[in-house]
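# Examination of the molecular architecture
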Amino acid sequence: MTPPSEPHHRAADPARSRLAAAAAAVITLCAGLALRAVAEGNVAKYGGDALYTVLVLALVVLLAPRVTPLTAAVSALVFSCAVEFLQLSDIPAELSRRSGIARLVLGSTFNAPDLLWYAVGAAVGGLLHAAMRSFPARRPSVRG
């Protein structure tokens, strides 16, 4: 039970949030690479799109550990969609020709269905972030 002096939705401990976000980023990156290794076609593509946004969300929390789940999810979704719309220009395609990392981060070709999968990733990531924040921090037990 939350004491009356504490708000019901208090901000998470920054160090704990950063640690969880760093772990989530590594797990998400590994999941994305594993997905590409074992799946192909739409499963790999659209699953990768959703995981891309989850990764962006984890990085947002890593940089701003007190961010709310909604703000983190919206930020990740806006970033992912901005990158997708940037693909309507020649910039990502040109950078992708020069760098494999740029290709992974920026892609090269606009694909409208990607926007839906970014929203799925933002929703799932936001729900996971909210769930993590709801776990109380461990407090040392006092025995005596």
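So, a few notes on the structure that sits alongside this text.

The rules we used
Residues numbered from 1 in each chain as written. Predicted model: local features only at pLDDT ≥ 70, side-chain atom pairs only at ≥ 80, totals over all residues. Heavy atoms only, no water. Core = buried A, V, L, I, M, F, W, Y, C linked by side-chain atoms within 4.5 Å. Buried < 20%, exposed > 50% of the residue type's maximum accessible area, 1.4 Å probe, protein only. Helix = DSSP H or I, 4+ residues; strand = E, 2+ residues; numbered from the N terminus. Contact = heavy atoms within 4.5 Å. Salt bridge = Lys/Arg side-chain N within 4 Å of Asp/Glu carboxyl O. Axes fitted to C-alpha atoms, helices over the stretch in contact; angles between N-to-C directions. Parallel < 35°, antiparallel > 145°, perpendicular 65-115°, else oblique. Left-handed = near helix turned anticlockwise from the far one by under 90°. 1 Å grid on protein atoms, 1.4 Å probe; cavity = no way out; pocket = protein on both sides within 12 Å on 5 of 7 lines; lining within 4 Å. Points joined across faces, edges and corners; volume = space filled by probe spheres on them. Nonpolar A, V, L, I, M, F, W, Y, C, P; charged D, E, K, R; others polar.

## Brief notes about the nonpolar core
In terms of nonpolar packing, the biggest core is built from 15 residues, with Y52, V56, L57, V60, V61, V67 and A72 touching the most fellow members. Breaking this core down by element, the ones donating at least two residues are helix 2 (41–63), helix 3 (69–86) and helix 6 (113–134). Other than its neighbours up to four places away in sequence, V67 contacts V60, V61, A72, H129 and R133.

## Some details on the pattern of salt bridges
Within the structure shown, the criterion is met by four salt bridges. A salt bridge links D49 to K45; the shortest N-O distance between them is 3.8 Å. Of this pair, D49 and K45 both sit in helix 2, four residues apart, which is roughly one turn of that helix. Looking at D49, the relative accessible area reads 9%, which means it is buried. Its relative accessible area of 32% is what places K45 among the partly exposed residues. Across the pair D114 and K45 runs a salt bridge whose closest N-O atoms are separated by 2.9 Å. Of the two residues, D114 is situated in helix 6 and K45 in helix 2; the sequence distance between them amounts to 69 residues. With a relative accessible area of 3%, D114 lands in the buried category.

## Focus on the packing of helix 1 (residues 14–38) against helix 2
Contact geometry for helix 1 and helix 2: axes closest at 8 Å, N-to-C directions at 165°. Relative to helix 2, the element helix 1 is oriented roughly antiparallel. In the crossing of helix 1 with helix 2, the sense of the turn from one axis to the other is left-handed. Facing helix 1, whose interface residues are S17, R18, A21, A22, A24, A25, T28, L29, A31, G32 and L35, helix 2 presents V43, A44, G47, G48, L51, V54, L55, A58, L59, V61, L62 and L63.

## So, the layout of surface pockets
Quantified by volume, the largest pocket comes out at close to 870 Å³. Looking at the largest pocket, it is lined by 31 residues, and the ones nearest its centre are R36, G48, Y52, R103 and L104. A per-element tally of the lining of the largest pocket places helix 2 first, with 10 residues. Within the lining of the largest pocket, the residues separate by chemical class into 16 nonpolar, nine polar and six charged.

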